[in-house]
Amino acid sequence: MQYAKISGTGSYLPANRVSNDDLAQKVDTSDEWITARTGIKFRHIAAENEKTSDLAAEAARRALDAAGLNGNEIDLIIVATATPDMQFPSTATIVQQKLGITNGCPAFDVQAVCAGFMYALTTANAYIKSGMAKNALVIGAETFSRIVDWNDRTTCVLFGDGAGAVVLSASDTPGIIHSKLKADGNYLKLLNVPGQIACGKVSGSPYISMDGPGVFKFAVKMLSKIADDVIEEAGYTAAQIDWIVPHQANRRIIESTAKHLGLSMDKVVLTVQDHGNTSAASIPLALDTGIRSGQIKRGQNLLLEGIGGGFAWGAVLLQY
Ligand code: ACO
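- Labelled according to UniProt, the protein chain appears under the name Beta-ketoacyl-[acyl-carrier-protein] synthase III, originating from Neisseria meningitidis serogroup A / serotype 4A.
- A UniProt comment under Pathway is attached to the protein chain, and it reads "Lipid metabolism; fatty acid biosynthesis."

What follows is the structure in structure tokens.
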């Protein structure tokens, strides 16, 4: 049986690290409020000349290095992002160019906001299982600082910039064991950025519009359900999960999924305090942090899960 297995991970955070106290100088908020409601303490913000593709390319270089591969051994590039460099071409093709990959491998973006990495990983898994790719570079990269209204305290405290990357390689041993993706477009109003380029103009607000409590309730419910489904459909039990590597939106959402599965917070890779919500980048950033810190070890079972605007959500069970 052909599996897709993680052969290397990498991540990158912009140098500018912004604390809750820094934000409290700009909007009417406090470290106490942000910490109590979200668990976030810091987030990183990209420099003006740093694009999503720059963050993605740096994370990818580190993942390639960890996998012991050079760029031209990659035969598929997928970038999950809701903050691409341009309307087109895809950020993935820009990353391909920045990495000096000249083998002409397919490169495309997926857009599922905070669930983007689950969608990208699942797509790359299908390519590898079907024999269409041997080594896939799967990246989550975002510059959400560019789509938050820095005068809106209800959203600007939540997000950060960053990138995480995984090299997924064909292997005879597991590997991604099971994955599940879901979407429901009826929840568009809970979370969106309505702005678009059309007829020579930018129309609609370019900033995040969010019903925070509505998102919170929906996320808690759907993440518990999809975690149950993936574990059960794979023939596993929650007790066999060594680490949950969740989307890092809010500590309270993460705690509720762990509690639902009957797992303690000691089994959760938690980075929300240091990164904030980096959307599609948050799961691969947490994964790389967990691996490089020595928390996650080869052979362990990981449950990755995330949800975001759309709504779109997904979970992946894999053996590292
Ligand atoms: N600082 C201080 N006060 C604030 C802030 C702030 N940054 N933001 C809002 N408040 C105030 C509100 O104005 C409100 O005041 P009021 O009672 O006088 O009207 C009060 O705090 C409570 O506001 P709520 O929105 O009810 O607060 P809640 O407990 O729901 O927490 C939060 C808000 C943190 C946004 C929470 O709803 C949440 O985390 N939701 C999930 C959102 C999320 O994760 N979005 C990310 C994208 S989707 C994803 O990644 C899953």
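Moving on, there is more to tell.
Digging into the packing of helix H7 (residues 212–233) against helix H8 (residues 251–261)
Then, in step 1: As a packed pair, H7 and H8 sit with axes 9 Å apart at the nearest point and diverge in direction by 35°. Judged by the sense of rotation from one axis to the other, the crossing of H7 with H8 is right-handed. Within the contact between the two elements, H7 uses Phe-216, Ala-219, Val-220, Leu-223, Ser-224, Ala-227, Asp-228 and Ile-231 and H8 uses Arg-252, Ile-253, Ser-256, Thr-257, His-260 and Leu-261.
Then, in step 2: Each residue belonging to the contact of H7 with H8 can be placed in one class, and the counts come to eight nonpolar, four polar and two charged.

Quick word on the domain arrangement of the protein chain
Then, in step 1: Domain boundaries in the protein chain define domain 1 (3–172) and domain 2 (177–319).
Then, in step 2: Between the C-alpha centres of domain 1 and domain 2 there is a distance of 14 Å.
Then, in step 3: Each partner contributes residues to the interface: domain 1 has 51 residues there, and domain 2 has 46 residues.
Then, in step 4: Counting the surface domain 1 buries against domain 2, the share from its top three residues, Cys-114, Met-118 and Tyr-119, is 17%.
Then, in step 5: Inspection of the region where domain 1 meets domain 2 yields zero salt bridges.
Then, in step 6: There are 18 residue pairs in polar contact (both at pLDDT 80 or more) connecting domain 1 and domain 2.
Then, in step 7: The element that contributes the greatest number of residues to the side of domain 1 that touches domain 2 is strand S1 (residues 3–12), accounting for seven residues.
Then, in step 8: When grouped by side-chain class, the residues that make up the side of domain 1 that touches domain 2 number 25 nonpolar, 17 polar and nine charged.

What to know about the sheet that holds S1
Consider a sheet: its strands pair through backbone hydrogen bonds, and that pairing is either parallel or antiparallel.
Then, in step 1: Strand order in the open sheet formed by five strands is S1-S7-S6-S4-S5, with mixed pairing between adjacent strands. The open sheet has two edge strands, S1 and strand S5 (107–110), and neither has a second partner. Going across the sheet, the axis of each strand differs from the next one's by a mean of 20°, ignoring polarity.

Thresholds applied
Residues numbered from 1 in each chain as written. Predicted model: local features only at pLDDT ≥ 70, side-chain atom pairs only at ≥ 80, totals over all residues. Heavy atoms only, no water. UniProt positions renumbered as here; feature names shortened; annotations may be inferred. Axes fitted to C-alpha atoms, helices over the stretch in contact; angles between N-to-C directions. Helix = DSSP H or I, 4+ residues; strand = E, 2+ residues; numbered from the N terminus. Left-handed = near helix turned anticlockwise from the far one by under 90°. Contact = heavy atoms within 4.5 Å. Nonpolar A, V, L, I, M, F, W, Y, C, P; charged D, E, K, R; others polar. Domains from an automatic or database assignment. Buried area = accessible area lost by both parts, 1.4 Å probe. Salt bridge = Lys/Arg side-chain N within 4 Å of Asp/Glu carboxyl O. Polar contact = N/O pair within 3.5 Å; in protein donor to acceptor, adjacent residues only side chain to side chain. Pairing = 2+ DSSP bridges.

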